[in-house]
Amino acid sequence: GAWTHGEAPNALGDASGGGRFKACTLHDKANRLRLRGDSEQARTVAQSALALSHSFADRITATFGELTLGEIELAAGRTLLAGELCRRSLAVALATGHHRMHVRSLVALSEVDRVLGQLAAGRNRLADALRACAQPGIIPSVHLVAVTLAQGHLACAEHDWTRARQLYTETLATKGC
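Rules of the game
Residues numbered from 1 in each chain as written. Predicted model: local features only at pLDDT ≥ 70, side-chain atom pairs only at ≥ 80, totals over all residues. Heavy atoms only, no water. Axes fitted to C-alpha atoms, helices over the stretch in contact; angles between N-to-C directions. Helix = DSSP H or I, 4+ residues; strand = E, 2+ residues; numbered from the N terminus. Parallel < 35°, antiparallel > 145°, perpendicular 65-115°, else oblique. Left-handed = near helix turned anticlockwise from the far one by under 90°. Contact = heavy atoms within 4.5 Å. Nonpolar A, V, L, I, M, F, W, Y, C, P; charged D, E, K, R; others polar. Core = buried A, V, L, I, M, F, W, Y, C linked by side-chain atoms within 4.5 Å. Buried < 20%, exposed > 50% of the residue type's maximum accessible area, 1.4 Å probe, protein only. pLDDT = per-residue confidence, 0-100.

With respect to the packing of helix α4 (residues 79–96) against helix α5 (residues 99–115)
Point 1. Where α4 meets α5, the closest approach of the two axes is 9 Å, and the angle between their N-to-C directions is 155°. Compared by their axis directions, α4 and α5 come out roughly antiparallel. Crossing handedness for the pair α4 and α5: left-handed. Between α4 and α5, the contacting residues are T79, A82, G83, C86, R87, S89, L90, V92, A93 and L94 on the first element and M101, H102, S105, L106, A108, L109, V112 and V115 on the second.
Point 2. Its residues placed into classes, the contact of α4 with α5 shows 12 nonpolar, five polar and one charged.

What follows is the structure in structure tokens.
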């Protein structure tokens, strides 16, 4: 069976297990490069990780790769492509019940909505993400931080500076940050 994204397989010596581990490591590296603002290098690494994930038909790891690539494209200003990639990851998350992918996809899509000026749609996605974080048995941790931060960005786009400040303060105060 497939492992969840970010989990190292039990037997790293196994050829596909080692490949999955390498793909996850490359996805993480691409994300770090994106956060540093190096979109071109991030895209190159993400595409390599995605190709590796597809080579052993790991749907979850490949979908996380598409989500990472969507976040990279959003940061690079390719909003429509980013939206397409993030919508695909949301569909897989809903079909598989993968919580982390679900919340991360909703947050990314809320950012796409914000950039496109579709603020109500972005708010709705973040409300869905908050509901997902509040499900019984789910520990929200970093997911809640990402949702609150995105809510702050939306409040800024709406010029609601009081709400934005409250949300950014809450983001910094959230446990797990």
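Now that the structure has been shown, the text picks up again.
As for the nonpolar core
Point 1. Ranked by size, the top nonpolar core spans 21 residues in total, and within it M101, V103, V107, L126 and V147 carry the most contacts.
Point 2. Elements with a minimum of two residues in this core: α3 (59–75), α4, α5, α6 (119–133) and α7 (141–157).
Point 3. If we ignore the near neighbours within four places in the chain, the residues touching L126 are V107, S110, V147, A150, Q151 and L154.
Point 4. Counting 12 residues, the second largest nonpolar core, distinct from the first, contains A30, V45, A46 and A49.

A few points about the confidence of the model for the protein
Point 1. On average, the protein scores 84 in pLDDT, and the residues at 70 or more come to 88%.
Point 2. Note that residues 1–14 has pLDDT below 50 and, in this model, 24 contacts with residues that lie over four places away or in other chains.

What about the packing of helix α2 (residues 39–55) against α3?
Point 1. Where α2 contacts α3, the axes come no closer than 9 Å and their chain directions differ by 165°. When the axis of α2 is compared with that of α3, the two are roughly antiparallel. Note on packing geometry: the crossing formed by α2 with α3 is left-handed. Side by side, α2 and α3 meet where S39, A42, R43, A46, Q47, L50, S53 and H54 of the first sit next to T61, A62, G65, E66, L69, I72, E73 and A75 of the second.
Point 2. Class assignment for the residues of the contact of α2 with α3 results in seven nonpolar, six polar and three charged.

Regarding the environment of V45
Point 1. Position of V45 among the secondary structure elements: in helix α2.
Point 2. Through-space distance from the C-alpha of V45 to that of L26 is 6.3 Å; in sequence the pair is 19 residues apart.

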